[in-house]
Amino acid sequence: MENKYKYVLSLFNQIYHLETTAYELSYGIDEKSKIQIKKGKVTFFDKHEEYNIRNVIWKEWNSVQIPFLFDERPDTEILTFSNGRVIINFDIIASSFFFLSSWQELSYNKGNDLCRFPFEASIQYKLKIIDKPIVNYYFEILKEAIERAYSIKLKVSLWQDKPFAAFISHDIDTCQSAWIQGSFRALLKGDIPSILKLLWLKTTGNDAWFNFDHILESERKDHIHSTFFFMSRKGKYGKFRNSDYNINNRKFRKVFDRIRENDSEVGLHGSLGTCNDLNRYQEDVRQLKFKITGNRFHFLEFDTHNTLEILEKSGIAFDSTLGFAEHYGFRNGICFPFFLYDVKNDKQSKILEIPLVLMDGTLQNTKYMNLGNDQIETRLNELVKEVKKFNGLITILWHNTHYSEYKYKGWGRIMEKIIRICTENDSLFLNGSEIVQKYGNMLSST
Ligand SMILES: [Zn+2]
């Protein structure tokens, strides 16, 4: 458990910009350290087995019910104080590690179609805590213990002077098919003028979904640096589809230049089947013909047993796949970037995960949340408020197609609303590489 403990603590130190030696902490009650954390039933981590939610103990922390996963005594306070020492009576280390390491996904058989961990299989679904960054609540407990024991105030200083940050990202699956897909949708509605416009655009070489200038223009106005994830593979793969474009077509060179002129960046949208196939993934990387820093897998595929190694061997610095398609929120229980845990070698990896919190399809797809416009605004406000409460980071995925009036009418305006909520809450907008640099700097200075 020693490495797991160091891993959790190192993230806490990164977030609060602390040295490991800044406070005296013992994992396990040693009767002498200034802060002591009671150790729970950590033998759970000896095997990859499913967590039994009957073992959860709920306790109230700052008026919020928090689940503790590995403890026995529900009748004590979370924090107790004696002789200048603080005891944390619940194992916040083990519970944090459970979420951060994606431990619950190790025992889940992801099946043959898509390599995905479904929301309904998650503990967040079962305990109804997907909209709470639960690890940040555990960290609040440690933060308070340190503040009380040392009479100091800890604060997050990752985002310059801003109260939180937003990572705006775009997966480019489709940018040449508005004339087919949009026309089909228009045909169903009997909207002939739209069909004529789409066809005219196409014949003049401008598909309505090849709308990068439009996206960049709107982001420039709000000083947004974003990341565009492009795919290297075209066409069908099994039952599903990769992209509808050839990444080496000359017209993309200009697009990449424009993206970079905006201080935004180009990343790789790892194609289907690459999350557990190193050779296939590296072919994807080579197709891009320039150095990339970041990745997000198409359809949010991610194999907890193999993907990390593939990303490390391919020189990737950050990934932003880990979110749920079916529901917005916190798949790893945290609203901060964090280094993925290398379970095979029992240590922290070098891959920074910028966890995905919200994507367009989650709100729009009738199989997922399928929210109405008025509900969306309320929910988004709550979500941003929750991230801001911890001075964290919210990652948003908006496909280029969802900025268009064809097939996805109205979704561009919802994105405008999201940006407005972020700016009104004084967000800092960073692209993936800029976030990596922040964490790199934190690491070298601690
Ligand atoms: Zn995709």
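Residues numbered from 1 in each chain as written. Predicted model: local features only at pLDDT ≥ 70, side-chain atom pairs only at ≥ 80, totals over all residues.

(A) Here's a closer look at the overall build of the protein. Summing up its helical and strand segments, the protein has 15 helices and 18 strands in all. Over its C-alpha atoms the protein spans a radius of gyration of 23 Å, differing by no more than 12% from the 22 Å that the globule rule assigns to 446 residues. Projecting the C-alpha coordinates of the protein onto the three principal axes gives extents of approximately 80 × 45 × 40 Å. Residues counted as buried form 46% of the 446 residues belonging to the protein. For the protein, restricting intrachain contacts to residue pairs at least 6 apart in sequence, the fraction spanning at least 24 positions comes to 74%. (Helix = DSSP H or I, 4+ residues; strand = E, 2+ residues; numbered from the N terminus. Rg over C-alpha atoms; globule rule 2.2 N^0.38 Å. Buried ≥ 20, exposed ≤ 12 C-beta atoms within 10 Å, placed from the backbone. Contact = placed C-beta atoms within 7 Å.)

(B) Seen up close, the pairing of strand β4 (residues 64-68). Bridge count between strand β3 (residues 57-61) and β4: 5 bridges; the pairing is antiparallel. Its bridge partner being in β4, tryptophan 58 is matched across the sheet by proline 67. Once β3 ends, the chain turns through 2 residues before running back antiparallel as β4, passing asparagine 62 with a positive phi of about 45°. (Pairing = 2+ DSSP bridges.)

(C) Representation of the domain arrangement of the protein in the model. By domain assignment, the protein separates into domain 1 (2-150) and domain 2 (164-175 + 210-445). Computed from C-alpha coordinates alone, the two centres of domain 1 and domain 2 are separated by 27 Å. Facing 27 residues of domain 1, the contacting portion of domain 2 comprises 33 residues. Breaking the side of domain 1 that touches domain 2 down by element, the ones donating at least two residues are α1 (2-16), α2 (92-100), α3 (103-106) and α5 (134-150). Broken down by element, the side of domain 1 that touches domain 2 gets its largest block of residues, 6 residues, from α1. (Domains from an automatic or database assignment.)

(D) Layout of the sheet that holds strand β6 (residues 85-88). Taken together, the 4 strands give an open sheet; going across it, the order is β1-β2-β6-β5, and neighbouring strands pair in mixed fashion. The sheet terminates laterally at β1 (25-27) and β5 (79-82), the two strands that pair on one side only. Looking at each pair of strands side by side, their axes are set apart by 20° on average, direction ignored. (Axes fitted to C-alpha atoms, helices over the stretch in contact; angles between N-to-C directions.)

(E) Main features of unusual backbone geometry. Positive phi is not limited to glycine here, since glutamine 160 has a value of about 50°. With respect to the secondary-structure elements, glutamine 160 resides in the loop between α5 and β7 (164-172). Its 9 C-beta neighbours within 10 Å are what place glutamine 160 among the exposed residues. Here aspartate 426, not a glycine, exhibits a phi torsion of approximately 65°, which is positive. One can find aspartate 426 in the loop between α14 (411-424) and β18 (427-429).

(F) Fine view of α2. Of all 9 residues in α2, 9 are buried, a share of seventy percent or more. When α2 is considered as a whole, its buried residues turn out to be Ile92, Ile93, Ala94, Ser95, Ser96, Phe97, Phe98, Phe99 and Leu100. Within two residues after α2, serine 102 carries a phi angle of roughly 55°, on the positive side.

(G) Inspection of α1 at higher detail. With 15 residues, α1 extends 21 Å between its outermost C-alpha atoms, agreeing within 8% with the 21 Å of an ideal straight helix rising 1.5 Å per residue. What α1 keeps buried is the set Lys4, Tyr7, Val8, Leu11, Phe12, Gln14 and Ile15. Along α1, the residues classed as buried sweep out an arc of 165° about the axis, all on the same side. Just downstream of α1 lies histidine 17, where phi reads positive at about 50°. (Expected span 1.5 Å × (residues − 1). Arc of directions from axis to C-beta.)

(H) A look at the environment of isoleucine 66. If you trace the backbone, isoleucine 66 turns up in strand β4. Sequence-wise, isoleucine 66 and tyrosine 137 are 71 residues apart; in three dimensions their C-alpha atoms are separated by 7.6 Å. Beyond its immediate sequence surroundings of up to four residues, isoleucine 66 is in contact with Trp58, Lys59, Trp61, Ile134 and Tyr137.

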